[in-house]
Amino acid sequence: MRRALSGGLAMVALAVAAAQVAAPAGHAAPAPETSAATLSALSGDIFAELNGPAGIGAGLSYAGVDSKANRVEIGVVKPTVALIARLERQYGKDRIRVVQAPIFQTTQLVTDTPVLTPAASPDGAATQAFGACTSEGYYCAPTRGGILLQQERDGRWYSCTSTNVGSSRSGQRATLTAGHCFTSGNDVAYGTLDFSGRAAGGWLGAPGDRLFGGTSDHLVIPWSRNTGWYGRDNPTNCLFTVPDNCIRMNFNAGTDDIGAGTGISQRGVTSQGNRNGTVVLTSTTANIGNPETGTVTTVTDMVQTNACSLPGDSGGPTWTGDRLVGTISAGNFVAGDPPQCAAQPRTFVAKATNAYYNLGFSGRLSP
């Protein structure tokens, strides 16, 4: 016997039954409109059930809300005809859509040689004191989102992108990035590249509060080194993008009204210029793989976009207008040298507001 529906599933079942009773004879019952909260609960329930011992386990990629189609999309690694039929019977054919999807991979860049060589700025201290990038666009003081971050561990170099700057839980100046990017230990260097591969930069400090799993993929890096002319006393609410240099952000703005179809931009140091696209799914839970360790981590309350992200873009900002949506976490890029965007790219974004709630990070609001 199929077990009783719970939470959002029960609410949707009642709505479907009511619509069927009210439908005139000889006419198909229209799909009932469902609130965003109910769809979010349904998505979470579906993922929990399918990810459990009685579900499909490692074959489950994600479940998320498509608010435009008023349904939950379920990503399955190998969706057979029999499995799709079973899921449609269980959850309601008009309430779900099953698609083929891989286990998405985190997008940190791992190399045997450093991408960034910390050095003094060629343009001098005066410019960098205000966090400006050089005219060639290859240096930023640490007062930007969208710049290169790098850490050395066991003779290998791990590179990601900064989301934005603000304050740690203790009130210390800090940079936000993805939680899967760096571990405790060695300090993190910062800087940005131009298109010919030159690099310059400095040091931030050791990784601080970190969470990869649950509702966050975030890391707060408090600034603890080189407190002088690198611009640490002038953090701004800017994202560095080529060629704009500074796009102002309202870091603490809510994102609950950002639904499927909303236009977004993403910035990562590997992709360099902006990647534009739209939100595809909200309230998404996904099993995210780490190609370096072979482990899989479940992250909830994410946004899925159709913009491309590549290794090194992890931690980069996703935004719409002047609002920061979140931090690039994972994607479906094509591995290789160099890696390529997938034919139908998807990126998972960890919501920035969860970094505030979980890690006590506070975004900088004033220039």
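Residues numbered from 1 in each chain as written. Predicted model: local features only at pLDDT ≥ 70, side-chain atom pairs only at ≥ 80, totals over all residues. Heavy atoms only, no water.

A word on the state of the cysteines
Then, number 1: Considering all chains together, one arrives at two disulfides under this definition.
Then, number 2: Each disulfide pairs two cysteine sulfurs, and for cysteine 308 the partner residue is cysteine 341, the sulfurs being separated by 2.1 Å. Between cysteine 308 and cysteine 341, the S-S torsion sits near -90 degrees, and that sign places the bridge as left-handed. Taken as a pair, cysteine 308 in the loop between β18 (296–305) and β19 (317–320) and cysteine 341 in the loop between β20 (323–331) and β21 (347–351) lie far apart in primary sequence, 33 residues in all. (Disulfide = S-S within 2.5 Å. Helix = DSSP H or I, 4+ residues; strand = E, 2+ residues; numbered from the N terminus.)

Digging into the packing of helix α2 (residues 36–51) against helix α3 (residues 81–91)
Then, number 1: α3 packs onto α2 with a crossing angle of 135 degrees between their chain directions and a minimal axis gap of 13 Å. The pairing of α2 with α3 is recorded here as oblique in orientation. When you trace α2 past α3, the crossing you get is right-handed. Contacts between α2 and α3 involve Ile46, Glu49 and Leu50 on the former and, on the latter, Leu87, Gln90 and Tyr91. (Axes fitted to C-alpha atoms, helices over the stretch in contact; angles between N-to-C directions. Parallel < 35°, antiparallel > 145°, perpendicular 65-115°, else oblique. Left-handed = near helix turned anticlockwise from the far one by under 90°. Contact = heavy atoms within 4.5 Å.)

Points about the side chain of glutamine 151
Then, number 1: Within the element layout of this structure, glutamine 151 appears in strand β6 (residues 148–153).
Then, number 2: On the accessibility criterion, glutamine 151 (0% relative accessible area) is buried.
Then, number 3: Polar contacts involving the side chain of glutamine 151 include one to the main-chain carbonyl oxygen of threonine 183, which spans 2.9 Å.
Then, number 4: Of the polar contacts made by the side chain of glutamine 151, one reaches the backbone oxygen of asparagine 186; its length is 2.8 Å.
Then, number 5: Sequence-distant contacts of glutamine 151, defined by excluding residues within four places in its chain, comprise Arg156, Trp157, Tyr158, Phe182, Thr183, Gly185, Asn186, Asp187, Val188 and Pro207. (Buried < 20%, exposed > 50% of the residue type's maximum accessible area, 1.4 Å probe, protein only. Polar contact = N/O pair within 3.5 Å; in protein donor to acceptor, adjacent residues only side chain to side chain.)

Description of the sheet that holds strand β9 (residues 173–177)
Then, number 1: Read across the open sheet, the five strands follow the order β12-β13-β9-β8-β22; overall the sheet is antiparallel. What marks the edges here is a single partner per strand, and that holds for β12 (210–213) and β22 (362–363).
Then, number 2: Summarising the sheet, β12 and strand β13 (residues 216–222) pair through four bridges and their orientation is antiparallel. From the neighbouring strand, glycine 213 faces β13, where its bridge partner is serine 216.
Then, number 3: This element, helix α5 (residues 352–359), spans β9, β12, β13 and β22 of the sheet and lies at about 65 degrees to β13. (Pairing = 2+ DSSP bridges.)

A look at the pairing of strand β2 (residues 71–76)
Then, number 1: Burial within β2 is extensive, with five of its six residues counted as buried.
Then, number 2: Relative to β2, strand β1 (residues 60–66) runs antiparallel, the two sharing six bridges. Opposite aspartate 66, over in β2, you have arginine 71 as the bridge partner.
Then, number 3: Between β1 and β2, which pair antiparallel in sequence order, lie four residues; one of them, asparagine 70, sits at a positive phi of approximately 60 degrees.

A few points about the environment of alanine 342
Then, number 1: Here alanine 342 is to be found in the loop between β20 and β21.
Then, number 2: Each C-alpha atom, one on alanine 342 and one on serine 309, is 9.2 Å from the other, the two residues being 33 residues apart in sequence.
Then, number 3: Residue contacts for alanine 342: discarding those within four places in its chain leaves Asn332, Phe333 and Val334.

Thoughts on the pattern of salt bridges
Then, number 1: Throughout the structure, instances matching the rule amount to six salt bridges.
Then, number 2: Note that arginine 97 is salt-bridged to glutamate 73, the shortest N-O span being 3.0 Å. With arginine 97 in strand β3 (residues 96–100) and glutamate 73 in strand β2, this pair connects stretches of sequence that are 24 residues apart.
Then, number 3: Residue arginine 97 is classed as partly exposed on the basis of its relative accessible area, which comes to 37%.
Then, number 4: Since its relative accessible area comes to 8%, glutamate 73 is described here as buried.
Then, number 5: A salt bridge links lysine 351 to aspartate 301, with the nearest nitrogen and oxygen atoms 3.5 Å apart. Of this pair, lysine 351 sits in strand β21 while aspartate 301 sits in strand β18, placing them 50 residues apart in sequence.
Then, number 6: Each member of the salt-bridge network shares a partner with another, and the members are Asp112, Arg156 and Glu292. (Salt bridge = Lys/Arg side-chain N within 4 Å of Asp/Glu carboxyl O.)

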